[in-house]
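# Fold and contact review
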Amino acid sequence: MHHARRTLAVLLVFVTLGAVAAPNARAQGAGVTLSGRVQDAASRAPLPFLTVQLLTERDSAFVGGRLTSDAGAFTFTGLAKGAYVLFVRSVGYRPLRQRVLVGELSAFLDVGVLALVRDTTAQALAAVRVTGAQEGVAETLDRKTFTVSENVSQAGGSVLQAMSTVPGVTVGQDGKVLVRGSDKVLVLIDGKQTALTGSGTQSGLDNLPASAIERIELINNPGARYDANASAGIINLVLKKQNQDGWSGKAGLVGGAGALWEKRANLPTIRPQSRNTPKFNPSLAVNHRSGATNVYVQGDWLYAPTLNKNEFATRTYDDGTVIVQQVKRNRRTDYATLNAGVDHAFDDHNTLAVTGLFNREKILDKGDNPYFNEAINDRLRLWQFLEDEVKYTAYGTGTFTHRFPEAGHVFTLGTTYSFHREDEKYFFTNSLPQATSTDAFALISDEHVVDLAADYVKPLRQGRLEAGLKGRYRSIPVNMQFFPGLISQIDSGAGGWADYRETIPAAYGTYVFEGDRVELEGGLRVEGVRVDYDVNPTHNTYKSDGYTYFQPFPNVRAAWKLGGDRKLSLFVNRRVDRPNEVDIRIFPKYDEPELIKVGNPALQPQYATNAEVGYKAAWARGSVYAAAFHRIVDQTITRIATQVPGSVLLYNVFQNAGRSWSTGGEVTWQQTVSPRVSLNANASLFQRTFDAFTVVNRYPRPSTYSAPREQLTSGNIKLNATLRMPTGWQTQLASTWLAPDLLPQGRIEGRYALDIGAKRSVQQGKGEIVINATDVLNTNQAQRTIRGNGFRVVSTDYLETQVVRVGYSRKF
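Residues numbered from 1 in each chain as written. Predicted model: local features only at pLDDT ≥ 70, side-chain atom pairs only at ≥ 80, totals over all residues. Heavy atoms only, no water.

### Focus: the overall build of the protein chain
- Helices and strands together make up the secondary structure of the protein chain, namely three helices and 45 strands.
- Computed over C-alpha atoms, the radius of gyration of the protein chain comes to 29 Å, within 12% of the 28 Å expected from 2.2 N^0.38 for 812 residues, which places it in the range of a compact globule.
- Each principal axis of the C-alpha distribution contributes one length, and for the protein chain these read about 110 × 60 × 50 Å.
- The buried share among the 812 residues of the protein chain stands at 54%.
- Carbon together with sulfur atoms contributes 58% to the accessible area of the protein chain, which is approximately 33,100 Å² in total.
- Placing the 90 positive and 76 negative side-chain charges of the protein chain at their respective mean positions leaves the two points 4 Å apart. (Helix = DSSP H or I, 4+ residues; strand = E, 2+ residues; numbered from the N terminus. Rg over C-alpha atoms; globule rule 2.2 N^0.38 Å. Buried < 20%, exposed > 50% of the residue type's maximum accessible area, 1.4 Å probe, protein only. Areas by Shrake-Rupley, 256 points an atom, 1.4 Å probe, with all protein chains shown as cover. Lys, Arg positive; Asp, Glu negative; His and termini not counted. Charge placed at Lys NZ, Arg CZ, Asp CG, Glu CD.)

### Thoughts on the sheet that holds strand 28 (residues 595–598)
- Spatial ordering of the open sheet is given by 28-32-31, a layout of three strands whose pairing is mixed. Both edges of this open sheet fall to strand 28 and strand 31 (637–643), since each of them pairs with a single strand only. Averaged over all adjacent pairs, the angle separating strand axes in this sheet is 35°, with direction ignored.
- Bridge count for strand 31 against strand 32 (residues 650–656) is seven bridges, and the pairing is antiparallel. Its bridge partner being in strand 32, I640 is matched across the sheet by V653. (Pairing = 2+ DSSP bridges. Axes fitted to C-alpha atoms, helices over the stretch in contact; angles between N-to-C directions.)

### Side note on the sheet that holds strand 13 (residues 233–239)
- Overall, mixed pairing links the four strands, which are arranged 8-12-13-11 in an open sheet. Whereas interior strands pair on both sides, the edge strands pair on one side only; in this sheet they are strand 8 (144–147) and strand 11 (185–189). Strand after strand, the sheet turns through a mean of 20° between neighbouring axes, direction not considered.
- With five bridges joining them, strand 11 and strand 13 adopt parallel strand pairing. Looking across to strand 13, one finds that L188 is bridged to N236.

### A closer look at the nonpolar core
- In terms of nonpolar packing, the biggest core is built from 52 residues, with F428 and Y590 touching the most fellow members.
- In this structure Y590 touches W383, F428, F441, F482, Q489, I490, D491, I596 and Y699, once residues within four positions along its chain are discounted.
- Listed in part, the 24 residues of the second largest apolar core include V169, I189, I213 and L237. (Core = buried A, V, L, I, M, F, W, Y, C linked by side-chain atoms within 4.5 Å. Contact = heavy atoms within 4.5 Å.)

### A word on the packing of aromatic side chains
- Under the defined criterion, the tally for this structure stands at 20 aromatic pairs.
- Look at F280 and W301: their rings are 5.7 Å apart centre to centre, the planes differ by 80°, and that puts the pair in the edge-to-face class. With F280 in strand 15 (residues 277–290) and W301 in strand 16 (residues 293–303), the pair connects residues that are 21 residues apart, well separated along the chain.
- Residue F280 is classed as partly exposed on the basis of its relative accessible area, which comes to 32%.
- Judged by its relative accessible area of 31%, W301 is partly exposed.
- With centroids separated by 6.3 Å and ring planes inclined at 25°, the aromatic side chains of Y542 and Y699 adopt a geometry described as stacked. Placement of Y542 in the loop between strand 25 (518–535) and strand 26 (545–561) and of Y699 in the loop between strand 35 (693–697) and strand 36 (703–707) is noted, with a sequence separation of 157 residues between them.
- With relative accessibility at 5%, the residue Y542 sits in the buried group.
- On the basis of relative accessibility, which here comes to 2%, the residue Y699 falls in the buried class.
- Taken together, W383, F385, Y426, F428, F441, F482 and Y590 form an aromatic cluster joined through their ring pairs. (Phe/Tyr/Trp six-rings, centres within 6.5 Å; stacked < 30°, edge-to-face > 60°.)

### A look at the environment of G599
- Structurally, the position occupied by G599 is in the loop between strand 28 and strand 29 (606–619).
- Considered as a pair, G599 and R585 are 14 residues apart in the sequence and their alpha carbons are 4.6 Å apart.
- When sequence neighbours within four positions are dropped, the list of residues in contact with G599 reads Y542, V582, D583, I584, R585 and V653.

### Observations regarding the pattern of salt bridges
- Per the stated rule, a full pass over the model turns up 45 salt bridges.
- The salt bridge involving K309 is made with D797; its shortest N-O contact spans 4.0 Å. You can see K309 sitting in strand 17 (residues 306–317) and its partner D797 sitting in strand 44 (residues 791–797), a full 488 residues away along the chain. With respect to class, K309 is no different from D797; both count as buried.
- Its salt-bridge partner being D365, residue R331 comes within 2.7 Å of it at the nearest N-O pair. Remark: D365 occurs in strand 19 (residues 350–372) and R331 occurs in strand 18 (residues 322–345); sequence separation between them is 34 residues. This pair shows no difference in class: R331 is buried, exactly as D365 is.
- Three or more residues are tied together by salt bridges with common partners; here these are E104, E514, E519, K561 and K567. (Salt bridge = Lys/Arg side-chain N within 4 Å of Asp/Glu carboxyl O.)

### Quick look at the pairing of strand 32
- For strand 32, the buried fraction is high: six of the seven residues fall into the buried class.
- Note: strand 28 against strand 32, four bridges, orientation parallel. Within strand 32, the residue paired with V598 across the bridge is V653.
- Here strand 31 hands over to strand 32 after six residues, with G646 in that stretch at a positive phi of 85°.

### What about the confidence of the model for the protein chain?
- Residues of the protein chain with pLDDT of at least 70 account for 90%, and the chain-wide mean is 86.
- In this model residues 1–29 is a low-confidence stretch, pLDDT under 50, and it forms 70 contacts with partners more than four residues away in sequence or in other chains.
- Note that pLDDT drops below 50 for residues 122–140; the model gives that stretch 49 contacts with residues more than four away or on any other chain. (pLDDT = per-residue confidence, 0-100.)

### Structural notes on a nonpolar patch on the surface
- A cluster of nonpolar residues, V556, W560, L562, L568, L570, V572 and V613, forms a patch on the protein surface that exposes about 520 Å² of accessible area.
- One can find L568 in strand 27 (residues 566–577). (Patch = residues over 30% accessible without salt bridge, like charges linked within 9 Å, V, L, I, M, F, W, Y side chains within 5 Å.)

### Some details on the side chain of R631
- Structurally, R631 can be placed in strand 30 (residues 622–634).
- One buried charged residue, R631, remains without a salt bridge, the closest side chain of opposite sign being D577 at 4.0 Å.
- At a separation of 3.4 Å, a polar atom in the side chain of R631 contacts the side chain of S182.
- A polar atom in the side chain of R631 sits 3.4 Å from the side chain of N610.
- Here R631 is in contact with S182, K184, S231, A232, D577, Q606, A608, T609, N610, S660, W661 and S662, once residues within four sequence places are set aside. (Polar contact = N/O pair within 3.5 Å; in protein donor to acceptor, adjacent residues only side chain to side chain.)

Pasting the structure below:
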């Protein structure tokens, strides 16, 4: 009954708000570029200085005219979707009419050669025949694009917080981005994998300032040109970059505070929770364009102390033992990023772009983990720690682009080098009833990633061809040293060194066709992967391991234009999720000493097959997109907790848990109600199923866990309303409700959050003031239940989610 009343209250809030959760999606393209060449049909000689007219097919309205160049070439830019007629005439030649369909799948179209036939009878120009044409949908279906500056309710926060309001994206309690309930999401920066956001998975998003990002692109069904890794989809973060001539830039400053009050009081005998945590985020971007050269520099600094974790849990064992615990972590984070680049055009056909990024992240954690009996009158243990961690990331890219005479006909050669150092030290104080001891460990990890890629794009009359090659080498040597005290539970025999090496050659090809009624895209990516994981031979449990595969990853997309702004689409693809290095890392982690996390070198990739049917309709002031999807995953990767016999300690180990699948639907709706009011809504409903499985956790001693087949219906609703006030202020209300969801060993209950924000332009549009507050009702926490052989854990994390910010930025 309590849950029913809470759900009803949440739904009433949604009805009151009347709208959904994320910034408006915008089509970022500037129209389609159409090119071609005019030649003599007999001699094939180019025909310069001829007039080429572009007319609409529907009513022969004049769109534009061009003179052909010395080579007989012509180009039209900024074309909207629709059917057109190219009309070419010249004295002594028969007039030529060529129908052209401009769609939404290709930014460049090449009509090829228009061959003019000599007219020996000198007939008059014939009239242009007009036939009806169907127009397509207003936006492409391969991605959704969201401008960060429109996300008023999260301005001044991290990229992770900004993503929390994007339709189709949710953020889990562990800080992972989820797409349709899965965290197997690849995060790119400017289309490239980097160590800053994770070369094989997602990381660092909770500290990367949103002020550095221009827009967020969500790709649910990636094509063959993208790496096959990440079965749930891809999120591309596009960094800010100015392109206007001369000097330009933008400076901003956002300040605020979080943890404004205590959600739940501490258990006895520990240090206070962080309160009124300050936030400080200055940013500066400078750009200079002169002629063929563009230079830009951007810097961001995020100072953000937080109550990073505040989890209360009760562990109940089958023998009657009950342990009540708290895991509290007061964190101070300093996050500085410097991004710079140079673009230079050698001529009209060849350009070189060089970019570099340096990042330093400093983390200081002060943790308190008290453990009590059920009555909370007998403290069994107090585990306190100081984590001193520094992360350095540096990466550089070089991209050479050759543009052929035909617009959009491009060859690109690029390379990327990425370095990431993790220097981590932990100092523990273990207070037991009989004695107190101190322990420590130190870890250092250096990640090196080298990518080399070649891509080719050839526009066609009705579509395009894409092909490419990519090679990757990745190396991560890790060294972990334990320093146990006199009375210690630290397993010093599990330390030492480990070396991760990954080699991936890949090739892909894609064909895109767009007709009056049908759109088709077919692609195939072939990847060969070799992973070697060499382990310290003295490790007490794990041995060297690895895996190899050579696999095809096809994708198909088809769409039927139903007339007007309506379209029915079908997507099918096969993808993979490779274990990241931290998933197989052999060293136990002791920030929570009675629920110890450790990797599994025997972990294998999981393979996913995705299918989606979507329908989109658009009208003058809004649109709706509805989709039904099905996703099957084999060798599902997840953590499994087991109890070692004779001990209350739990060990959380990554495993392949067999087959799982999700089936559901999603609806995204947006509507401009009036010039002052716009609404957005996104809702998803899916059924998640985990098949029965049995696994064996081998660390520290073999322990078997078996799970029956489990199934649960889950989903989420996001609501957003944007109000433009007569005073010039723009106000945004963003609301999110996540339904209960299934975990391989249990479930997580529902949770709800309401964010508000407002901004106003000042100083003739050069300045902007922003005010916002996240989780204003302080309701964004969820109960989690984990069941294992012989135990049950019920926990709720009351971490900091409520933050108030005020900011100012100015363009120059």
